[in-house]
Amino acid sequence: MTASGPAQGPRAGAPAEAGRPAEVRVLVVEDDPVAADAHALYVGRVPGFTAVGTAHSLAEATRVLERTRVDLLLLDLGLPDGHGLRFARGLRAAGHPVDVIAVTSARDLAVVRESVSLGVVQYVLKPFAFPTLRERLLRYAEFRSTAGEAAGQDDVDRALAALRTPLPAELPKGLSAPTLDRVAALLRATPEGLTAAGAAGAAGISRITARRYLEHLVDTGRADRTPRYGQVGRPELHYRWLAAAAGSVSKV
């Protein structure tokens, strides 16, 4: 699926069929083709959402927006021809109604604040697995479905609460987020993959502990494991980061 794929669609704001909510049409803007395809597949798996295409630059995204109805941009912030937030600012200045979910590995809170000031509805850190994006999209859909006039402050609060991200899901007992991040970073930085022993040595933890973290990454769809057979003894499990399943580390 590419930027040239979508056909001309109805204009933004076109009414849905009677009794049926309109599909949210999403354009994935991401310079890494593998990550772009993965994110588009993720979008297509969420009920009520359809990916109308992928664009690998801001210029491509502009061309798609000129000819196709798009409700939501899944927008990488580090594109080869400019920064995603400057692009979002230009859309707002032009009065374009498209909403934006920022997708980036940037953890600078100043960037987060600027995103909020531009009306970015969600901010998703790379790398992420399908459940993370699904939860953000469903919350956006809930927010988008609010209509009519608020009876009071409670109605306003409920509408805005739909966009708030819940606390992160608890890790299995005995696992910690900092160590998980460290093991995941090691795996991402080692394209050929790691054994539990290799991860343990690099992360400064025991082999058994490393295996628990690696198995958690497999269970959550961010890594896979394959047996490697030596000359003698049992095969050793080799763990490899799944770039296509969880996005890739970008420049931003």
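The shown structure was predicted, so the numbers you read here are calculated from the model rather than taken from an experiment.

Conventions and cut-offs
- Along each chain, the written sequence defines residue order, and numbers are assigned to residues from 1.
- Totals for whole chains, interfaces and linings use every residue, but because this is a predicted model, local features are given only for residues with pLDDT of at least 70 and side-chain atom pairs only at 80 or more, for both listing and counting.
- Side-chain metrics in this entry use all non-hydrogen atoms of the structure; hydrogen atoms and water are not considered.
- Under the DSSP-based scheme used, a helix requires at least four consecutive residues in state H or I and a strand at least two consecutive residues in state E, with every element numbered from the N terminus.
- Each residue's exposure class comes from its accessible area (1.4 Å probe, protein chains only) as a fraction of the maximum for that residue type: buried when under 20%, exposed when over 50%, partly exposed otherwise.
- Any two residues having at least one pair of non-hydrogen atoms within 4.5 Å are treated as being in contact.
- Computed by Shrake-Rupley with a 1.4 Å probe, the accessible areas treat only the displayed protein chains as cover when residues are assessed.
- Here, strands pair whenever DSSP counts at least two bridges between them.
- Interaxial angle, 0 to 180 degrees, is taken between N-to-C directions of lines fitted to C-alpha atoms, where a helix line uses only the stretch in contact.
- To sort the angles, those under 35 degrees are grouped as roughly parallel, those over 145 as roughly antiparallel, those from 65 to 115 as roughly perpendicular, and the leftovers as oblique.
- Crossing handedness: left-handed means the near helix sits turned counterclockwise from the far one by under a right angle, and right-handed means the same turn made clockwise.
- Any carboxyl oxygen of Asp or Glu within 4 Å of a side-chain nitrogen of Lys or Arg constitutes a salt bridge here.
- In this text, buried Ala, Val, Leu, Ile, Met, Phe, Trp, Tyr and Cys residues form a nonpolar core when linked through side-chain atoms within 4.5 Å.
- This arc corresponds to the set of directions leading from the helix axis out to the C-beta atoms.
- Given the number of residues in a helix, its expected span is that number minus one, multiplied by 1.5 Å.
- What pLDDT conveys is the predictor's confidence in a given residue, as a value from 0 to 100.

Student: How should the overall build of the chain be read in this particular structure?
Tutor: Per the secondary structure count, the chain includes 10 helices and 9 strands. Across the 252 residues in the chain, those meeting the buried criterion constitute 42%. Of the contacts formed within the chain by residues at least 6 apart in sequence, a portion of 64% connects residues at least 24 apart. Summed over all atoms, the accessible surface of the chain reaches about 13400 Å², with 56% contributed by carbon and sulfur.

Student: Where do I start with the sheet that holds strand 6 (residues 99-104) in this structure?
Tutor: Two pairing modes exist for strands in a sheet, parallel and antiparallel, and in both the strands are linked by backbone hydrogen bonds. An order of 2-1-3-6-7 is seen for the 5 strands of this open sheet, with the pairing classed as parallel. Taken across any chain shown, the strands that pair with only one partner, and hence form the sheet edges, are strand 2 (49-55) and strand 7 (122-125). Averaged over all pairs of adjacent strands, the angle between strand axes in this sheet comes to 20°, irrespective of strand direction. By the bridge criterion, 4 bridges tie strand 6 to strand 7 in an arrangement that is parallel. From the neighbouring strand, Val 103 faces strand 7, where its bridge partner is Val 124. In the packing of helix 5 (residues 130-145) onto the sheet, the strands contacted are strand 1 (24-29), strand 2, strand 3 (72-76), strand 6 and strand 7, and the crossing angle to strand 7 comes to about 175°.

Student: How do you make sense of the packing of helix 1 (residues 33-44) against helix 5 when you look at a structure like this?
Tutor: Axis separation between helix 1 and helix 5 bottoms out at 10 Å; the angle between their running directions is 55°. Judged on the interaxial angle alone, helix 5 and helix 1 are oblique. Viewed along their axes, helix 1 and helix 5 form a crossing whose handedness is right-handed. Across the interface between the two elements, His 39, Tyr 42 and Val 43 of helix 1 pack against Phe 130, Leu 133 and Leu 137 of helix 5.

Student: Explanation requested: the pattern of salt bridges in the structure shown.
Tutor: Pairing between side chains becomes possible if they bear opposite charge and their charged atoms approach one another. With the rule as written, the count across this model stands at 7 salt bridges. Linking Arg 69 and Asp 71 is a salt bridge whose minimum nitrogen-to-oxygen distance equals 2.8 Å. Each of the two residues, Arg 69 as well as Asp 71, counts as buried. Several salt bridges share partner residues, and in doing so they unite Glu 30, Asp 76 and Lys 126 into one network.

Student: What's the story with the nonpolar core in this structure? I'm lost.
Tutor: In summary, soluble globular proteins display a tendency toward joint burial of nonpolar side chains. Within the largest apolar cluster, 24 residues are counted, with the highest numbers of intra-cluster contacts made by Leu 27, Val 29, Val 70, Leu 73, Leu 75 and Phe 87. Those elements that provide at least two residues to this core are strand 1, strand 2, helix 2 (58-67), strand 3, helix 3 (84-93) and strand 6. When residues no more than four places from it in sequence are discounted, the contact partners of Phe 87 are Leu 58, Ala 61, Thr 62, Leu 65, Leu 73 and Leu 75. Ranked by size, the runner-up nonpolar core spans 21 residues in total, among them Val 24, Val 26, Ala 40 and Leu 137.

Student: When you look at helix 3 in this model, what are you seeing that I'm missing?
Tutor: One turn of an α-helix holds 3.6 residues; hence residues three or four places apart share an orientation. Restricting attention to buried positions, one finds in helix 3 the residues Gly 84, Leu 85, Phe 87, Ala 88 and Leu 91. Considered in projection along helix 3, the buried side chains sweep an arc of 155° and stay on one side of the axis. Exposed and facing more than 90 degrees away from the buried side of helix 3 are Arg 86 and Ala 93. Gly 95 lies just past helix 3 and shows a positive phi near 80°.

Student: Looking at this model, I keep getting lost on the packing of helix 7 (residues 177-188) against helix 8 (residues 196-203). Mind explaining?
Tutor: In a packed pair of helices, the relevant descriptors are the angle between the two axes and the axis-to-axis distance. Here helix 7 crosses helix 8 at 115°, and the two axes come no closer than 10 Å. Remark: the crossing between helix 7 and helix 8 carries right-handed chirality. Residues Arg 182, Val 183 and Leu 186 of helix 7 form the contact with helix 8, whose own contacting residues are Ala 199, Ala 202 and Ala 203.

Student: Explanation requested: helix 9 (residues 207-219) in the structure shown.
Tutor: For helix 9, spanning 13 residues, the distance from its first C-alpha to its last is 18 Å, which sits close to the expected 18 Å at 1.5 Å a residue. When helix 9 is considered as a whole, its buried residues turn out to be Ala 210, Tyr 213, Leu 214, Glu 215, His 216, Leu 217 and Val 218. Looking at the buried side of helix 9, the elements it contacts are helix 7, helix 8, strand 8 (223-228) and strand 9 (236-241). Gly 221 sits one or two positions beyond helix 9 and adopts a positive phi of about 80°.

Student: What is the right way to look at the confidence of the model for the chain in this model?
Tutor: Residues shown with low pLDDT carry predicted positions that ought not to be read at fine detail. Averaged over the chain, the pLDDT score is 78; the fraction of residues at 70 or greater is 74%. Confidence, expressed as mean pLDDT per element, reaches its minimum in the chain at helix 10 (residues 243-246) with 47 and its maximum at strand 1 with 96. Predicted confidence is poor over residues 3-20, with pLDDT under 50, and the contacts of this stretch with residues over four places away or in other chains come to 25 contacts. Contacts for the low-pLDDT stretch residues 244-252, under 50 throughout, to residues beyond four places or in other chains number 33 contacts.

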